[in-house]
Amino acid sequence: MQMKKVVLFLSLIGIISATNAQQALFGGPKVKSPEINPDNTVTLRIFAPNANEVTVTGDFLQPITSESNNDKIDRPEAVNLIKGEDGVWSYITPYPLPPELYMYSFNVDGLRMMDPANVYMNRDVATVTNIFLIDEPGSRAHNYRVNDVPHGTVSRVWYNSPGLDKNRRMTIYTPPGYEDSNDSYPVFYLLHGAGGDEEAWISLGRTAQILDNLIAQGKAEPMIVVMTNGNPSQEAAPGENSKGFIQPGMDISGMNAGEFETSFPDVINYVDKHYRTKADKAHRAIAGLSMGGFHSLHTSKLYPDLFDYIGLFSAAIFPFEGRDKAPVYQDFEGKLKTQFEKNPKLYFIAIGDKDFLYNDNVKFREILDSNGYPYEYFETPEGHIWKNWRIYLNEFAPKLFK
């Protein structure tokens, strides 16, 4: 009995010592951040007792418009946090935030940093940003969370691309019940933007959550969603390929030179061979954001018999100067004419009214209008941001395969 008491006493001493060690290691008061208040204002906090200035920037703040290459670029403003006597800096949004998935980061005396109290974050190209969700049942944002509905499966799949002469990786979502059925499914090919990779739509775009919820609500057909890597020189996302932990970047060779579009049948052939698909035009869709919209536009007109549903989300439209000689991009209007003669079921264009690609989309719509080509147009506020692309996915997916 005496020995048991000694063991218990030593165990308690160990727990106390470990607790003190953690406090000594991390220091300072326990901070809750972000805190979503009952009125949907949000409080952000950070313990930085020796800092002189702390600011926060996020997509819930007012955008600042600047000029870049004669185009308007929106970026969120930075606002100051207020320091408390306990060394905790805080900021409360001056208004309730509408339901949405938001991104933010701190700047402490000129050093950009994550919120130490918030473990939830995403990588977008080479930038890591904290996230939080304002949720409200019935809102689009409710589709961004994991709800009590049947769930699909997300797989990272390697395939061989003869057209690019390498093995490459893609992310594939199969709908709830796929593994337990013998049914065949339509396929939606969903493409990322410049600097992104096959991880972008599943993490930043919340694709699995959106599809799970739309399917459960009866708003979208059960479908396979294929998210490829649109950078033909890459095997896979940075850190997930043979080059190791390379620095992600926007300037990736070959991303707008025609190789990706030309080799796209390699992706389709793999998917149709390894998954139970409805392998015809009526059951295929392709859509993408920015560069992915560019790829969707040019792939769908290069192969007009492959896709009945096309979505351009904040799409780049015209090839870069010097790359417009690639065969894929030549005879732009001729290929477009052939595509529309085959009567695609849906041609969907969506963009924010402050997007730097807005004017190019206006010019493209003028081409469509002048030729009488039917399309559906959806415009939102704000610019070239993931907030808009999640909205477009919410709008586009329910229109497919009806």
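Scroll up for the structure.
Residues numbered from 1 in each chain as written. Predicted model: local features only at pLDDT ≥ 70, side-chain atom pairs only at ≥ 80, totals over all residues. Heavy atoms only, no water.

J.: Now, about the overall build of the protein: what can you tell me, with residues and values included?
T.: The helix and strand inventory of the protein stands at nine helices and 20 strands. Buried residues in the protein amount to 50% of all 402 residues. Summing over all exposed atoms, the protein offers an accessible surface of approximately 19100 Å²; the carbon and sulfur share of this is 53%. (Helix = DSSP H or I, 4+ residues; strand = E, 2+ residues; numbered from the N terminus. Buried < 20%, exposed > 50% of the residue type's maximum accessible area, 1.4 Å probe, protein only. Areas by Shrake-Rupley, 256 points an atom, 1.4 Å probe, with all protein chains shown as cover.)

J.: If you had to explain the pattern of salt bridges to someone new, which residues and values would you point to?
T.: On inspection of all chains with the given rule, the structure shows 17 salt bridges. In this structure, R390 engages E100 in a salt bridge whose closest nitrogen and oxygen atoms are separated by 3.3 Å. Separated by 290 residues along the polypeptide, R390 in helix α9 (residues 386-396) and E100 in strand β9 (residues 100-108) bring together distant segments of the chain. Take R390 and E100: they sit in the same class, and that class is buried. In this structure, E376 and K399 form a salt bridge, with 2.7 Å as the shortest nitrogen-oxygen distance. Here E376 is found in strand β20 (residues 376-380), whereas its partner K399 is found in the segment after α9, with 23 residues between them in sequence. Salt bridges sharing partners connect three or more residues here, namely R156, R169, E198, E199 and E240. (Salt bridge = Lys/Arg side-chain N within 4 Å of Asp/Glu carboxyl O.)

J.: Please give an account of the packing of aromatic side chains that cites residues and values.
T.: Applying the stated rule across the entire model yields 29 aromatic pairs. Ring plane angle 55 degrees and centroid distance 5.2 Å describe the contact between F294 and Y329, whose orientation is recorded as tilted. Note that F294 is positioned in helix α6 (residues 291-302) and Y329 in the loop between β18 (309-313) and α7 (332-341), a separation of 35 residues in sequence. With a relative accessible area of 3%, F294 lands in the buried category. (Phe/Tyr/Trp six-rings, centres within 6.5 Å; stacked < 30°, edge-to-face > 60°.)

J.: Give a detailed account of the side chain of T228, specifying residues and quantitative values.
T.: Along the chain, T228 turns up in the loop between β16 (224-227) and α4 (259-262). For T228, a relative accessible area of 1% puts it in the buried group. Discounting residues that sit within four places of it in the chain, T228 has contacts with M170, L190, L191, H192, D197, E198, F260, F264 and V267. (Contact = heavy atoms within 4.5 Å.)

J.: Tell me about helix α8 (residues 358-371), and name the residues and values.
T.: Counted at 1.5 Å a residue, the expected span for α8 with its 14 residues is 20 Å, and the 20 Å between its end C-alpha atoms agrees. Along α8, the residues that are buried comprise N361, F364, R365, I367 and L368. Down the axis of α8, the buried set is contained in an arc of 150 degrees. They therefore lie on one face. Along α8, exposed side chains directed more than 90 degrees from the buried face belong to N359 and S370. On its buried side, α8 packs onto α6, β18, α7, β19 (346-352) and β20. (Expected span 1.5 Å × (residues − 1). Arc of directions from axis to C-beta.)

J.: Tell me about the side chain of E100, and please be specific about residues and values.
T.: Residue E100 is classed as buried on the basis of its relative accessible area, which comes to 4%. One polar contact links E100 to R390, side chain to side chain, over a distance of 3.3 Å. Every residue in contact with E100, bar those within four places of it in the chain, is listed here: F132, L133, I134, A141, Y144, K387 and R390. (Polar contact = N/O pair within 3.5 Å; in protein donor to acceptor, adjacent residues only side chain to side chain.)

J.: Describe the packing of helix α3 (residues 207-216) against α9, with residues and values.
T.: Closest axis-to-axis distance for the α3/α9 pair is 10 Å, and the angle between their directions is 30 degrees. By the angle between their directions, the pair α3 and α9 is classed as roughly parallel. Here α3 runs over α9; the crossing is right-handed. Contacts between α3 and α9 involve T207, I210 and L214 from the former and R390, L393 and N394 from the latter. Looking at the contact of α3 with α9 residue by residue, the classes come out as three nonpolar, two polar and one charged. (Axes fitted to C-alpha atoms, helices over the stretch in contact; angles between N-to-C directions. Parallel < 35°, antiparallel > 145°, perpendicular 65-115°, else oblique. Left-handed = near helix turned anticlockwise from the far one by under 90°. Nonpolar A, V, L, I, M, F, W, Y, C, P; charged D, E, K, R; others polar.)

Bear in mind that shape data such as this cannot, by itself, settle questions of function.
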